[in-house]
Amino acid sequence: METINFGETAVGELVRQSPGRSRVFERLGVDYCCGGKITLNRACHKKNIDVEQVCKELAECDDSLDRDHGVVDADAMTLTELANHIESTHHAYLREELPRLEWMTEKVARVHGDREPRLHDLRHAFVAFCAEVEPHTMKEDKILFPIIRQLEASDGPQEFHCGSVANPIRQMELEHDHAGEQLELMHKSTDGYTPPEWACNTYRAMLSSLAELEQDMHQHIHKENNVLFPKAIELEAHHP
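Residues numbered from 1 in each chain as written. Predicted model: local features only at pLDDT ≥ 70, side-chain atom pairs only at ≥ 80, totals over all residues. Heavy atoms only, no water.

A. Structural detail: the state of the cysteines. Counted according to the given criterion, the structure contains zero disulfides. The cysteine Cys34 is free of any disulfide, with Cys33 supplying the nearest cysteine sulfur at 4.5 Å. Cys55 supplies the cysteine sulfur nearest to Cys44, a cysteine that is in no disulfide, at a spacing of 6.9 Å. The class of Cys44 is buried, set by a relative accessible area of 1%. (Disulfide = S-S within 2.5 Å. Buried < 20%, exposed > 50% of the residue type's maximum accessible area, 1.4 Å probe, protein only.)

B. Quick peek at the nonpolar core. Counting residues in hydrophobic clusters, the biggest one holds 27 residues, and the most contacted among them are Phe129, Met186, Met206, Leu210 and Leu213. Of all the secondary structure elements, the ones that give two or more residues to this core are helix H6 (79-112), helix H7 (118-153), helix H8 (166-189) and helix H9 (201-237). With near-sequence residues (within four places) excluded, Leu213 lies in contact with Tyr93, Leu94, Leu98, Leu101, Phe126 and Phe129. Formed by 17 residues, the second largest nonpolar core is a distinct cluster that contains Leu82, Phe145, Ile169 and Met172. (Core = buried A, V, L, I, M, F, W, Y, C linked by side-chain atoms within 4.5 Å. Helix = DSSP H or I, 4+ residues; strand = E, 2+ residues; numbered from the N terminus. Contact = heavy atoms within 4.5 Å.)

C. Quick peek at the packing of H7 against H8. Running from N to C, H7 and H8 point in directions that differ by 160 degrees, and their axes come no closer than 9 Å. Accordingly, the angle class assigned to the pair H7 and H8 is roughly antiparallel. The crossing of H7 and H8 is left-handed. Broken down by class, the residue content of the contact of H7 with H8 amounts to 14 nonpolar, five polar and seven charged. (Axes fitted to C-alpha atoms, helices over the stretch in contact; angles between N-to-C directions. Parallel < 35°, antiparallel > 145°, perpendicular 65-115°, else oblique. Left-handed = near helix turned anticlockwise from the far one by under 90°. Nonpolar A, V, L, I, M, F, W, Y, C, P; charged D, E, K, R; others polar.)

D. Structural view of the packing of aromatic side chains. Evaluated as defined, the whole model comprises two aromatic pairs. Centre to centre, the rings of Phe25 and Tyr32 are 6.4 Å apart; their planes meet at 35 degrees, and the pair counts as tilted. For the pair formed by Phe25 and Tyr32, the shared burial category is buried. Ring geometry for Trp198 versus Tyr203: centroids 5.6 Å apart, planes at 70 degrees, classification edge-to-face. Relative accessible area serves as the criterion here: at 28%, Trp198 is assigned to the partly exposed category. (Phe/Tyr/Trp six-rings, centres within 6.5 Å; stacked < 30°, edge-to-face > 60°.)

E. Fine view of the pattern of salt bridges. Applying the stated criterion across every chain, the model contains 14 salt bridges. Note that Arg16 and Glu13 form a salt bridge whose closest N and O atoms lie 2.6 Å from each other. Of the two residues, Arg16 and Glu13 both sit in helix H2 (residues 11-17), three residues apart, roughly one turn of that helix. The partly exposed category is assigned to Glu13, whose relative accessible area is 26%. Ionic pairing is found between Glu87 and Arg149, a salt bridge with its closest N-O pair at 3.0 Å. You can see Glu87 sitting in helix H6 and its partner Arg149 sitting in helix H7, a full 62 residues away along the chain. The partly exposed category is assigned to Arg149, whose relative accessible area is 21%. Among the charged side chains, a salt-bridge network with shared partners connects Glu13, Arg16, Asp75 and Lys231. (Salt bridge = Lys/Arg side-chain N within 4 Å of Asp/Glu carboxyl O.)

Here is the structure:
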């Protein structure tokens, strides 16, 4: 892709084409998952960053062999493979990590909330995040992903209890937006997960884990919003 075309391409599409580009966006704080449908030009304008510099960094990322290490090429997978990957990687991660962070956010807010009141904001955002994400992943595992697998495995039009596959997808994307809002609140209430000098080890470990949660969710939502979901809708629309 010519550098001049980066700016007019949707951010999520740029990451779909080359997953390693997500590293550039993570570092710059550019939303490529929930906000992945806007162009790079618009995304950079919203963040008040130089789009030409970002285009240069993306081109350098494409030239780097590092992009091939540790990043899954979701676009190269079948829909079934991608759904299985999301379940076994991102959903499994949430099942293991959220109970641990539940304990940590509660403890740190209780112990240090008087000194840093924003820890209570962090705690409220985390509780809201869990309330959104936990039933969300269950609905994907039990309802949406089986529909997508059935759609891919079939050789003709399918009838689903929800009508079109686009209906549950629309709801899942809305819930992604809600979860993204809580992630943003957690990020802001901790100055980007930066510990104060006086922070204890539990406080620091909590922030480190929340930063990992944010990055995993960005990859998770990107794979669904920008790859799995549009491909499933397209497959249904063109099913023989």
